[in-house]
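Residues per chain, in single letters:
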Number of protein chains: 2
Amino acid sequence: MTATDAERWRELGQQLRVDSVRSSAAANSGHPTSSMSAADLMAVLADKYLRYDFDAPEDPRNDHLIFSKGHASPLVYSLFKAAGAITDEELLTFRKLGSRLEGHPTPIIPWVDVATGSLGQGLPIGVGVALAGKRLDRLDYRVWVLCGDSEMAEGSMWEAFEHAAFYGLDNLTAIIDVNRLGQTGETMHGWDLDSYAKRAQAFGWHTIEIDGHDVTSIDAAYTEASAADRPTLIVARTEKGHGVSFLANHEGWHGKAVPADQEGAAIEELGGIRSLVITPPGPEDLKPLILGELHAEPAPTYTDPVPTRKAFGEALAWLAGHRPDLVVLDAEVGNSTHTEDFQAVAPERFVQMFIAEQAMVGAQTGLQALGKTAFAGTFGAFLSRAADFVRMGAISRANLRLFGSHAGVSIGEDGPSQMAVEDLAMFRTLHGSTVLYPADGHATIKLVTTMCDLPGISYMRTTREATPVIYDPDEEFPVGGSKTIRTSGDDAVTLIGAGITVHTCLEAADTLATEHIVARVIDAYSIKPIDAPTIRRALEETGIVVVAEDHRVEGGLGDAVLGAIAATGPLSGSVHKLAVTDMPGSGTAEQMRAWAGIDGASIASAARGAVAAR
Amino acid sequence: MTATDAERWRELGQQLRVDSVRSSAAANSGHPTSSMSAADLMAVLADKYLRYDFDAPEDPRNDHLIFSKGHASPLVYSLFKAAGAITDEELLTFRKLGSRLEGHPTPIIPWVDVATGSLGQGLPIGVGVALAGKRLDRLDYRVWVLCGDSEMAEGSMWEAFEHAAFYGLDNLTAIIDVNRLGQTGETMHGWDLDSYAKRAQAFGWHTIEIDGHDVTSIDAAYTEASAADRPTLIVARTEKGHGVSFLANHEGWHGKAVPADQEGAAIEELGGIRSLVITPPGPEDLKPLILGELHAEPAPTYTDPVPTRKAFGEALAWLAGHRPDLVVLDAEVGNSTHTEDFQAVAPERFVQMFIAEQAMVGAQTGLQALGKTAFAGTFGAFLSRAADFVRMGAISRANLRLFGSHAGVSIGEDGPSQMAVEDLAMFRTLHGSTVLYPADGHATIKLVTTMCDLPGISYMRTTREATPVIYDPDEEFPVGGSKTIRTSGDDAVTLIGAGITVHTCLEAADTLATEHIVARVIDAYSIKPIDAPTIRRALEETGIVVVAEDHRVEGGLGDAVLGAIAATGPLSGSVHKLAVTDMPGSGTAEQMRAWAGIDGASIASAARGAVAAR
């Protein structure tokens, strides 16, 4: 470091502050003071340490910078300006309709890997990015995560600390911008830097405490972090609103733009508008390693009943030999979800995240940002633990391939805490999501294969118990399709099921047939997008639709069917939703389905009643 | 402690193990080995330390025992047998249909406070229970939480560690049953007791490391914990399946009953069936403190537009003077959600949980178990962080009063990460839930008041921006009702909105009126239960329903309306759902509503088109 370096960093820090003030003032909203506290930290990083080619953001050798404190978006965008990536004019479009410079950063901007703005997610995502560099691609890029002090209260941060240490991610540096002030007052630990450092040390990290406005200390800390044999936490004491006397360390300025009548004074105190342009150091010359031996075995086939969760695991194991980009994350239930089958053949691409679902989806989000085809899952019920991570994944335009086993009351004895009966609603509601629920082993194999190339959030729900094989191995299952399994020229009623209820619908159809009621049976394996034309036609042709699902009556297959009907024309006929409407307990799978009114007898009874009332 | 004590504890430990083996063998499912590891820990606790009257589980002076590792249910139930609370016959109904001894414990059993079974939740709930004793009721009961070692990977546990230390909860003792083996193999830290202890110390806890099968050490640890000036973590080294040679510390026995042909050998090795009955020490004689000054001010009223979030905060502040049982939890956004208004008048009943939504809902679950009327919330988007806690709250039959501010794209500039557009689906899907979304200040006041006495999960969604006052202060808003705000004898179309879209529906109705299209406008403030008869009648009378909601098109108001129609008779007419169907960005509230197609102009256009097509 030279005196010139230090002077340039100080100037750059001031520029980032000025531009944070200006952009948020132009928007009349945003978080300038939370940006100003971290400006010096980012100035030194971008100028000297961040090996990043702004002209080639997809270069796999680039370092990664993640703003876990996504509300410091004025600082990110000001940094993009300083790097010559955006113009000053664009900077001032911040938060305006149509601008890519949204209130919080998202990957519609080429230099942003993932969306942040829900606190406590950037570091878990950073773990995934670092894991890819360290364990998968074996590239020596470094991952830098800027964290807020308030978000250290989120448990997901400590999941990330745990995993980063466990996997020896010495390529990961987290920086806490300890500006002391949260949204409503002082954080739990204020400026007690030790409190953060001692926690991180206990979790196995190297820690460095610094004055976050002293560029010399910042420089030394980055050098030390880069050389550490463990993940490093830099705990930086800063001031919120640093550099402007009426903002610095003052309460009441969180998430507020500097008003027009004070903007000039703020900029003047910061030394005026600057237009320094820096070029971060470029990435080093290395190539990603291709992991995994490829082979071209045929897909598994089945004749005997098989649980779809088992077929799912076998599909992943089979695909491991075809797709070197495939990575599977587990939350320590691989012997239940059957990802252990993948682990057995591709252990180097299997990542054990232990019982930490948020960290699992966070790491998955990081891995997919690096181009990995990453599957992650656990019991469907426990994916709700990561609901906010999945929600943010949609905003990240991430390709998250999720799976949930142990669907519905059909798991039986384990009881309601283990039963996924709200998962379809959670996944259906997300923007651009795909929701799949296969009824047999062959449908599972085909749909898992399809999921590998689906964009956005995709979710597969699997069943605990074995179900009969009802499809040929070469049957195709397009997303948005359905299978009309049983039909005649003269169907009196339509039964729609998915997954396990395809089988109870078939059972009901058999019963009804003995009573000379001919039922059409539709397997709605693609719950979203759903096959609206087929459902519409069934309603028009039979006049009665009975939908049975092993899920709560709200938000799942029944609502999808009604939505499809409403969207395709005037309403007619009748639709009967059979689903879980009370709180389940323990019992056998069959007892629980009978209790919920979704077994063959209940479906037959509902259909019989509707036909009689016609 | 006498030699007799130690001998009794050892015998009791063996009995608990035998009964864990027997009950799960009878069910042919369950987790005996995870129960056996903690049997000695629970034997000493129940016999000497747990001040609990099994004949009076509602006694507010009782200690609380929470099994955070809920899968050790055979151990809990065996303990109930040992305490004489259930018979041996009932013990053997474990996991059978109709038995209250479900796969994982729930409060349908009188001696269970809360449901567990989703790992990492018992300790955060225990924080709430301890907080009530320490800060609210000022009772000296003690809270004992039995934790598994696998669940220490859940970040929610570390949120709990943080809060327990911050609030000085010296009445809380957590015990980690370090049996080394998770579901699929060794945990992250195996038998490294120090790894847990040093983390907990860093978070401000007192820690004790012991051999979890040595009753003398266990006894000493409980005595030490009871005297500590901080929350205490007892880290106990144990063996999974302890006491039976073919189970003890063997992999492959997680969640498996001992097969019938090995059950006899297991019981024999444990010394046979016993029927010791113990009586835990009773609670001490103290009375709960009543906090808060009561006063009888009238409810707030409004004439000018007011944000419903602001009316919400003012409602809580007003109710603070009427209800000493009212407690409000915040996730450090009280100046946005306006719970700061409650904090200002009742600081002793306001609990700051910082940015830790899981811990917030966990503590709330604990507080309501103690009879508190507890409200908790944050931005609606961030409640998804606590989705699994809310899901488990439903299984706990907990009365969780939740609120989410900043609903929909109407928040404007902050962008999608801060917009609640999936929250209605999340809350609608839960068993027994109530979902409320007021359109003005007066509706808010009435509905918050109603929420105070609602059972189960209730959710109120509030709006960021000010909305006009459209109701009189004395208007009533029953749950399950709606308001037909505008109607004539000859309505051509029905517009249904809730919250912000009530106002855009009114705007649309004004526009349509100028075109001589008379629109009925319904405010569906009660989204669940929804006013099905009124909606049915509107569809029958007008033939066209347009539903507009500031939420994703799946799982929200539109689906609720369709469900109500399907449930009340044959389908007829047409229903048009206007909702968020693409990924939002930043813009003003009005721009975002226009973008989503839920502003007045879009609603008018949809209605106009539907009327023309009739």
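Before going into details, it helps to say that this report is about the structure given with it. The shown structure was predicted, so the numbers you read here are calculated from the model rather than taken from an experiment.

Describing helix α9 (residues 215–227) of chain B
Item 1. A rise of 1.5 Å per residue sets the reference length of α9 of chain B, with its 13 residues, at 18 Å; its end C-alpha atoms lie 19 Å apart and thus fit the reference within 8%.
Item 2. For α9 of chain B, the elements touching its buried residues are α1 (3–27), α3 (39–49), β2 (143–148), β3 (172–178), β4 (206–211) and β5 (232–237) of chain B.

Quick notes on the packing of helix α1 (residues 3–27) of chain A against helix α4 (residues 73–82) of chain A
Residues and elements named next belong to chain A.
Item 1. Contact geometry of α1 with α4 gives a least axis separation of 8 Å together with a crossing angle of 120°. Judged on the interaxial angle alone, α4 and α1 are oblique. Where α1 crosses over α4, the two elements pack in a sense that is right-handed. Side by side, α1 and α4 meet where Leu12, Gln15, Leu16, Asp19, Ser20, Arg22 and Ser23 of the first sit next to Pro74, Leu75, Ser78, Leu79, Lys81 and Ala82 of the second.
Item 2. Residue classes in the contact of α1 with α4 are distributed as 6 nonpolar, 4 polar and 3 charged.

A short note on the interface of chain B and chain A
Item 1. Across the contact, 101 residues belong to chain B and 101 residues belong to chain A.
Item 2. Counting the surface chain B buries against chain A, the share from its top three residues, Met188, Arg385 and Leu571 of chain B, is 10%.
Item 3. The tally of links between chain B and chain A comes to 12 salt bridges.
Item 4. A salt bridge links Glu154 of chain A to Arg385 of chain B; its shortest N-O distance comes to 3.7 Å.
Item 5. Its residues assigned to classes, the side of chain B that touches chain A shows 34 nonpolar, 42 polar and 25 charged.

Brief notes about the environment of Gly362 of chain A
Item 1. Residue position: Gly362 of chain A is located in helix α14 (residues 357–369).
Item 2. Placed 72 residues apart in sequence, Gly362 of chain A and Thr434 of chain A show a C-alpha to C-alpha distance of 19 Å.

Examining the pattern of salt bridges
Item 1. Under the criterion given, the structure shown has 84 salt bridges over all chains.
Item 2. Note that Arg22 of chain A and Asp19 of chain A form a salt bridge whose closest N and O atoms lie 2.9 Å from each other. Of this pair, Arg22 of chain A and Asp19 of chain A both sit in helix α1, 3 residues apart, which is roughly one turn of the helix. Both residues of the pair, Arg22 of chain A and Asp19 of chain A, count as buried.
Item 3. For Arg51 of chain B, the salt bridge identified is with Asp63 of chain B, shortest N-O distance 3.2 Å. You can see Arg51 of chain B sitting in the loop between α3 and β1 (64–67) and its partner Asp63 of chain B sitting in the loop between α3 and β1, a full 12 residues away along the chain.
Item 4. The exposure class assigned to Arg51 of chain B is buried, which follows from its relative accessible area of 16%.
Item 5. Asp63 of chain B gets classed as buried once you look at its relative accessible area, which sits at 0%.
Item 6. Connected through salt bridges with shared partners, the residues Asp19, Arg22, Lys81 and Asp88 of chain A form a single ionic network.

Digging into the pairing of strand β10 (residues 401–405) of chain A
When a strand is regular, its side chains alternate between the sheet's two faces.
All names here are of chain A.
Item 1. Counted residue by residue, β10 has 5 buried out of 5 residues, so it is predominantly covered.
Item 2. Going residue by residue along β10, you find Arg401, Phe403 and Ser405 tucked away on one face and Leu402 and Gly404 tucked away on the opposite face as well.
Item 3. By the bridge criterion, 5 bridges tie strand β9 (residues 373–379) to β10 in an arrangement that is parallel. Its bridge partner being in β10, Ala376 is matched across the sheet by Leu402.

Comments concerning the packing of α3 of chain B against α9 of chain B
All names here are of chain B.
Item 1. At a closest axis distance of 9 Å, the pairing of α3 and α9 adopts a crossing angle of 55°. Accordingly, the angle class assigned to the pair α3 and α9 is oblique. Helix-helix and strand crossings are classified by hand; for α3 and α9 the assignment is right-handed. Contacts between α3 and α9 pair Asp40, Leu41, Met42, Val44, Leu45, Lys48 and Tyr49 from the former with Val215, Ile218, Asp219, Tyr222, Thr223 and Ser226 from the latter.

Observations concerning unusual backbone geometry
Item 1. Each neighbour pair has its own omega, and for Lys528 of chain A with Pro529 of chain A the value is -5°, a cis peptide bond.
Item 2. Relative to the assigned elements, Pro529 of chain A resides in the loop between β17 (526–528) and α19 (532–542).
Item 3. Look at His338 of chain A: it is not a glycine, yet its phi comes out positive at around 75°.
Item 4. Phi is positive for His516 of chain B, which is not a glycine, with a value near 65°.
Item 5. With respect to the secondary-structure elements, His516 of chain B resides in the loop between α18 (500–514) and β16 (519–523).

Some thoughts on the sheet that holds β4 of chain B
All names here are of chain B.
Item 1. Read across the open sheet, the 5 strands follow the order β1-β2-β3-β5-β4; overall the sheet is parallel. Two strands close off the open sheet at either side, each with one partner strand: β1 and β4. Within this sheet the neighbouring strands show an average axis-to-axis angle of 20°, counted without direction.
Item 2. As judged from the 6 bridges shared by β4 and β5, these two strands associate in the parallel manner. Across the sheet, the residue bridging to Ile210 is Ala236, located in β5.
Item 3. Along the sheet face, α9 touches β2, β3, β4 and β5 and points at about 170° away from the line of β4.

Brief notes about the side chain of His64 of chain B
Residues and elements named next belong to chain B.
Item 1. On the secondary structure map, His64 appears in strand β1.
Item 2. At 3.4 Å, the side chain of His64 forms a polar contact with the backbone oxygen of Asn62.
Item 3. Polar contacts involving the side chain of His64 include one to the side chain of Asp113, which spans 2.7 Å.
Item 4. Sequence-distant contacts of His64, defined by excluding residues within four places in its chain, comprise Leu50, Asp113, Val129, Tyr141, Arg142, Val143, Trp144 and Leu370.

Cut-offs and rules
- Residues numbered from 1 in each chain as written.
- Chains lettered and ligands numbered in written order.
- Predicted model: local features only at pLDDT ≥ 70, side-chain atom pairs only at ≥ 80, totals over all residues.
- Heavy atoms only, no water.
- Helix = DSSP H or I, 4+ residues; strand = E, 2+ residues; numbered from the N terminus.
- Expected span 1.5 Å × (residues − 1).
- Contact = heavy atoms within 4.5 Å.
- Axes fitted to C-alpha atoms, helices over the stretch in contact; angles between N-to-C directions.
- Parallel < 35°, antiparallel > 145°, perpendicular 65-115°, else oblique.
- Left-handed = near helix turned anticlockwise from the far one by under 90°.
- Nonpolar A, V, L, I, M, F, W, Y, C, P; charged D, E, K, R; others polar.
- Buried area = accessible area lost by both parts, 1.4 Å probe.
- Salt bridge = Lys/Arg side-chain N within 4 Å of Asp/Glu carboxyl O.
- Buried < 20%, exposed > 50% of the residue type's maximum accessible area, 1.4 Å probe, protein only.
- Pairing = 2+ DSSP bridges.
- Polar contact = N/O pair within 3.5 Å; in protein donor to acceptor, adjacent residues only side chain to side chain.

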